[in-house]
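Below, each chain spelled out in residue letters.
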Amino acid sequence: MKKSNTVLLTTVFPLSVKFLDEFLNSLKLQTDKDFDLLVVNDGVANFKDLIKEYRQINIIEIVSEKSIVQNRKTGIEAVMKLNYEFLIFGDSDDYFEMNRVALSKKLLKKYDIVVNDLTLFDKKGIYCKSYYSKRIDDLFEINLEFIKNKNILGLSNTAVRTESIGDLDFCKNLVALDWYFFSKLLFKNKTAVYTNQTQTYYRQYQDNTVGLGDNSMNSIKKAIKVKKIHYQCMTIISDFFDKLLCEINYLEVNIENVDFEKDKTNQSNLLWWEIPNYKIKTKKKI
């Protein structure tokens, strides 16, 4: 049952079960406890038995064993149906700084979208604090131009005013649902701000489909495929993305004839789906 005007939305799945205690404990320790937790359950048996010690969190469970995109859509639709004012996204294999809920609510009074910093960790512990802060200043206002060829707005480090969301017509074959979702909002001139005053502790592991800071050729090729799908979907909305689609198609075809500048400034601190600067090699005359 709904008890708050703010909700944190997550999806749980069998691989995330072993991380639930870290996730839920970080929510239990929030300085602002006025929020509900809406959980889309994708295949976790006896979920209620796993969370008995977290009764101080008002948890609403929805069962939805579908695709990743459909689970996200189902969750957002439930949030809209329940008429929440503020929606905070969080992955169940991550955890959060204690002021995340409070700061998100504060900034959402001024902006449509809030995106916070990431601290990267793996099974060995934290290895990169405040990843975004190396490139982005606190309270930097984000627009569509900034995220046209990269993304910083994920579904574990963002919050949004629900009145700003609009339709949930997700494009088919999406991989980067978050990039598409927020690109559509920014295309509609919704306001967004970045803050480093709170952190999402972003887990890096083999089963995580998206990593940060990897400029290997395999990662570059994956990014090209994701960007191609993203731009194909966005061209349906605006011809602003036509040129970007042409550029990524050209890069994909000529990938074996490209020099990537991986040693340049910021190229070792890449954002989601960002590709290192590159130059097409000049073909030698025979």
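Our subject is the structure listed above.
A brief structural summary.

### Examining the overall build of the chain
For step 1, the next point in the chain: From N to C terminus, the chain includes seven helices and 12 strands.
For step 2, the next point in the chain: Relative to the compact-globule value of 19 Å for 286 residues, the chain shows a C-alpha radius of gyration of 19 Å, a close match.
For step 3, the next point in the chain: Projected onto the principal axes, the alpha-carbon positions of the chain cover approximately 75 × 40 × 35 Å.
For step 4, the next point in the chain: Across the 286 residues of the chain, 53% fall into the buried class.
For step 5, the next point in the chain: For the chain, restricting intrachain contacts to residue pairs at least 6 apart in sequence, the fraction spanning at least 24 positions comes to 75%.
For step 6, the next point in the chain: In the form shown here, the chain has an accessible surface area of approximately 14400 Å², with 49% of it arising from carbon and sulfur atoms.
For step 7, the next point in the chain: Between the mean site of the 43 positive side-chain charges and the mean site of the 38 negative ones, the chain shows a separation of 3 Å.

### Observations concerning the packing of helix H6 (residues 217–235) against helix H7 (residues 242–253)
For step 1, the next point in the chain: The contact between H6 and H7 brings their axes to 9 Å, and the two run at 155°. With respect to H7, the axis of H6 lies roughly antiparallel. Like other packed secondary-structure pairs, H6 and H7 cross with a definite hand, here left-handed. Each of Ile224, Lys225, Lys227, Lys228, Tyr231, Gln232 and Thr235 in H6 lies in contact with H7, whose residues at this interface are Asp242, Leu244, Leu245, Ile248, Asn249, Leu251 and Glu252.

### Observations concerning the packing of helix H5 (residues 177–187) against H6
Packed helices, taken two at a time, are described by the angle between their axes plus the distance between the axes.
For step 1, the next point in the chain: At a closest axis distance of 10 Å, the pairing of H5 and H6 adopts a crossing angle of 35°. In this structure, H5 meets H6 at a crossing whose hand is right-handed. Packed against H5, whose contacting residues are Trp179, Tyr180, Ser183 and Lys184, the element H6 presents Lys227, His230, Tyr231, Cys233 and Met234 at the interface.
For step 2, the next point in the chain: Its residues assigned to classes, the contact of H5 with H6 comprises five nonpolar, two polar and two charged.

### Topic: the side chain of Asn58
For step 1, the next point in the chain: Take Asn58: it is sitting in strand S3 (residues 58–63).
For step 2, the next point in the chain: Side-chain polar atoms of Asn58 contact the backbone oxygen of Met1, separated by 2.7 Å.
For step 3, the next point in the chain: Setting aside its immediate chain neighbours within four residues, Asn58 contacts Met1, Lys2, Lys3, Asp36 and Leu37.

### A word on the nonpolar core
For step 1, the next point in the chain: Among the nonpolar cores identified, the biggest contains 63 residues, and Phe89, Tyr132, Ile142, Ile152 and Phe181 are the most heavily contacted of them.
For step 2, the next point in the chain: Sequence-distant contacts of Phe89, defined by excluding residues within four places in its chain, comprise Leu9, Ile76, Arg100, Leu155, Ser156, Asn157, Thr158, Val160, Phe181 and Phe182.
For step 3, the next point in the chain: If you look at the next biggest cluster of nonpolar residues, it comprises 25 residues, including Ile51, Phe96, Leu103 and Leu107.

### Thoughts on empty space enclosed by the protein
For step 1, the next point in the chain: Taken as a whole and assessed by the stated rule, the structure comprises one cavity of 30 Å³ or more.
For step 2, the next point in the chain: For the largest cavity, the calculated volume is near 40 Å³.
For step 3, the next point in the chain: If you go around the largest cavity, the residues you meet are Ile165, Asp167, Phe170, Phe181, Lys184, Leu185 and Lys188.
For step 4, the next point in the chain: Across the lining of the largest cavity, the residue classes break down as four nonpolar, no polar and three charged.

### Observations concerning the environment of Lys73
For step 1, the next point in the chain: Along the chain, the position of Lys73 falls in helix H3 (residues 68–81).
For step 2, the next point in the chain: Here the alpha-carbon distance between Lys73 and Leu168, two residues 95 residues apart in the chain, equals 7.0 Å.
For step 3, the next point in the chain: When neighbours within four sequence positions are excluded, Lys73 is seen to be in contact with Leu168 and Phe170.

### Remarks on the packing of aromatic side chains
For step 1, the next point in the chain: Within the structure shown, the criterion is met by 17 aromatic pairs.
For step 2, the next point in the chain: Here Lys2 stacks its cationic end above the ring of Tyr84, 4.8 Å away from the centre of that ring.
For step 3, the next point in the chain: Directly above the aromatic system of Phe146 lies the positively charged group of Lys150, at a separation of 4.5 Å from the ring centroid.

### As for helix H1 (residues 20–28)
For step 1, the next point in the chain: Within the sequence span of H1, burial applies to Leu20, Phe23, Leu24, Ser26 and Leu27. All buried residues of H1 lie within an arc of 155° about the axis, which places them on one face of the element.
For step 2, the next point in the chain: Of the surrounding secondary structure, the elements contacted by the buried residues of H1 are strand S1 (6–12), strand S2 (36–41), helix H2 (47–50), S3 and strand S5 (95–96).

### Examining the environment of Asp117
For step 1, the next point in the chain: Secondary-structure assignment places Asp117 in strand S6 (residues 113–122).
For step 2, the next point in the chain: Residues Asp117 and Asn46, spaced 71 residues apart in sequence, show a C-alpha to C-alpha distance of 33 Å.

### Digging into the pairing of strand S10 (residues 192–203)
For step 1, the next point in the chain: Counting buried positions along S10 gives 10 out of 12 residues, so the element sits mostly inside the fold.
For step 2, the next point in the chain: Looking at chain direction, S5 and S10 are connected through two bridges and run antiparallel. When the bridges of S10 are listed, Phe96 appears paired with Thr200.
For step 3, the next point in the chain: Inspection of the sheet shows S6 paired to S10 by nine bridges, in the parallel sense. Each residue of the ladder has a partner; that of Phe121, found in S10, is Arg203.

Thresholds, definitions, all that
Residues numbered from 1 in each chain as written. Predicted model: local features only at pLDDT ≥ 70, side-chain atom pairs only at ≥ 80, totals over all residues. Heavy atoms only, no water. Helix = DSSP H or I, 4+ residues; strand = E, 2+ residues; numbered from the N terminus. Rg over C-alpha atoms; globule rule 2.2 N^0.38 Å. Buried < 20%, exposed > 50% of the residue type's maximum accessible area, 1.4 Å probe, protein only. Contact = heavy atoms within 4.5 Å. Areas by Shrake-Rupley, 256 points an atom, 1.4 Å probe, with all protein chains shown as cover. Lys, Arg positive; Asp, Glu negative; His and termini not counted. Charge placed at Lys NZ, Arg CZ, Asp CG, Glu CD. Axes fitted to C-alpha atoms, helices over the stretch in contact; angles between N-to-C directions. Parallel < 35°, antiparallel > 145°, perpendicular 65-115°, else oblique. Left-handed = near helix turned anticlockwise from the far one by under 90°. Nonpolar A, V, L, I, M, F, W, Y, C, P; charged D, E, K, R; others polar. Polar contact = N/O pair within 3.5 Å; in protein donor to acceptor, adjacent residues only side chain to side chain. Core = buried A, V, L, I, M, F, W, Y, C linked by side-chain atoms within 4.5 Å. 1 Å grid on protein atoms, 1.4 Å probe; cavity = no way out; pocket = protein on both sides within 12 Å on 5 of 7 lines; lining within 4 Å. Points joined across faces, edges and corners; volume = space filled by probe spheres on them. Phe/Tyr/Trp six-rings, centres within 6.5 Å; stacked < 30°, edge-to-face > 60°. Lys NZ or Arg CZ within 6 Å of the ring centre and 35° of its normal. Arc of directions from axis to C-beta. Pairing = 2+ DSSP bridges.

In short, the description is geometric, and any link to function would need to be established separately.
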